[in-house]
Amino acid sequence: MDAVFGWVATYGYGALFGLLIFGIVGLPIPDETLLVFCGYLIFKGKMNPLETYFAALAGSCCGITVSYFIGRTAGLGVVHRFGKYLHVNDRKLAKVHGWFEHSGHWALFGGYYVAGVRHFTAIIAGASKLEFHAFALFAWSGAATWVAVFLTLGYFIGERWKPVAELVHRYLLYASVLGIGVGLLVLGARWYWRRRTIS
């Protein structure tokens with residue numbers, strides 16, 4: 001954390017841009033805490049609000065787009081090579097694509113607020129061959145609101161940014177674990193009932 005803050009304090013907008021690319025792709029960088037810290041630096045007058053916002057937005061959009069193209073290229077290759085072991089095939093990918101077309105866009109939009117989920121939604125969107133314009137509309141607009149929320153939070157809480165950022169990070173992590181757990185339970189229940197129906 002101290003190293004991340006030091007890079008931003010030293011290299012400014014370029015460091016913020018680069019760190020968010022790697023953080024969104026999936027490296028262990030505390031993205032929300034980083035944005036809250038930058039909001040605090042805006043409060044202190046050490047960073048410009050618009051330049052900070054657009055550097056963070058550009059980094060987030062680039063990172064999520066990299067994840068999308070990882071899914072679009074490597075994701076499909078993994079499915080074709082190992083799909084039979086995972087019970088995943090082109091037909092199931094087509095179903096995922098259909099789900100994204102109808103309601104999965106909101107997973108791209110809201111996935112930013114769930115730690116460890118945002119880059120997976122982009123990879124799945126790419127692997128399911130979701131059209132890039134549809135992906136970009138929801139993923140980039142999600143990035144725009146996510147960046148604005150946490151920069152604004154850091155600006156308004158000022159000197160209290162660190163304990164509040166730690167609290168936010170902790171509860172987002174709890175919510176993420178709970179959400180993933182519920183999702184796994186639902187998938188397990190569906191698999192169980194499907195097996196019972198077949199037998």
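Remember, it's a predicted structure, so these values are computed and weren't measured experimentally. (Residues numbered from 1 in each chain as written. Predicted model: local features only at pLDDT ≥ 70, side-chain atom pairs only at ≥ 80, totals over all residues. Heavy atoms only, no water.)

Details of the packing of helix α1 (residues 2–11) against helix α2 (residues 13–25)
Working step 1: Orientation of α1 relative to α2, taken along the N-to-C sense of each, is 140°, at an axis distance of 6 Å. Taken together, the axes of α1 and α2 lie oblique to each other. Contacts from Val4, Trp7, Val8 and Tyr11 in α1 reach Tyr13, Gly14, Ala15, Leu16 and Leu19 in α2.
Working step 2: Its residues placed into classes, the contact of α1 with α2 shows 8 nonpolar, 1 polar and no charged. (Axes fitted to C-alpha atoms, helices over the stretch in contact; angles between N-to-C directions. Helix = DSSP H or I, 4+ residues; strand = E, 2+ residues; numbered from the N terminus. Parallel < 35°, antiparallel > 145°, perpendicular 65-115°, else oblique. Contact = heavy atoms within 4.5 Å. Nonpolar A, V, L, I, M, F, W, Y, C, P; charged D, E, K, R; others polar.)

Focus on α1
Working step 1: The set of residues buried in α1 consists of Val4, Phe5 and Val8. One face of α1 carries all of its buried residues, which in axial projection span an arc of 95°. Summarising the geometry of α1, the exposed residues directed more than 90 degrees from the buried face are Asp2, Thr10 and Tyr11. (Buried < 20%, exposed > 50% of the residue type's maximum accessible area, 1.4 Å probe, protein only. Arc of directions from axis to C-beta.)

Quick notes on α2
Working step 1: Taking 1.5 Å of rise per residue, the 13 residues of α2 would be expected to cover 18 Å, and the 18 Å separating its terminal C-alpha atoms lies within 8% of that figure.
Working step 2: Note on α2: the residue one or two positions beyond its end, Gly26, has a positive phi of about 140°. (Expected span 1.5 Å × (residues − 1).)

A short note on the packing of aromatic side chains
Working step 1: Tallied over the full model, the rule gives 12 aromatic pairs.
Working step 2: With a centroid separation of 6.3 Å and 80° between ring planes, the pair formed by Phe43 and Tyr155 is classed as edge-to-face. Taken as a pair, Phe43 in helix α3 (residues 31–43) and Tyr155 in helix α7 (residues 132–157) lie far apart in primary sequence, 112 residues in all.
Working step 3: Residue Phe43 is classed as partly exposed on the basis of its relative accessible area, which comes to 39%. (Phe/Tyr/Trp six-rings, centres within 6.5 Å; stacked < 30°, edge-to-face > 60°.)

Structural notes on the environment of Lys44
Working step 1: Within the secondary structure, Lys44 sits in the loop between α3 and α4 (49–86).
Working step 2: Each C-alpha atom of the pair Lys44 and Tyr155 lies 8.5 Å from the other, and the pair is 111 residues apart in sequence.

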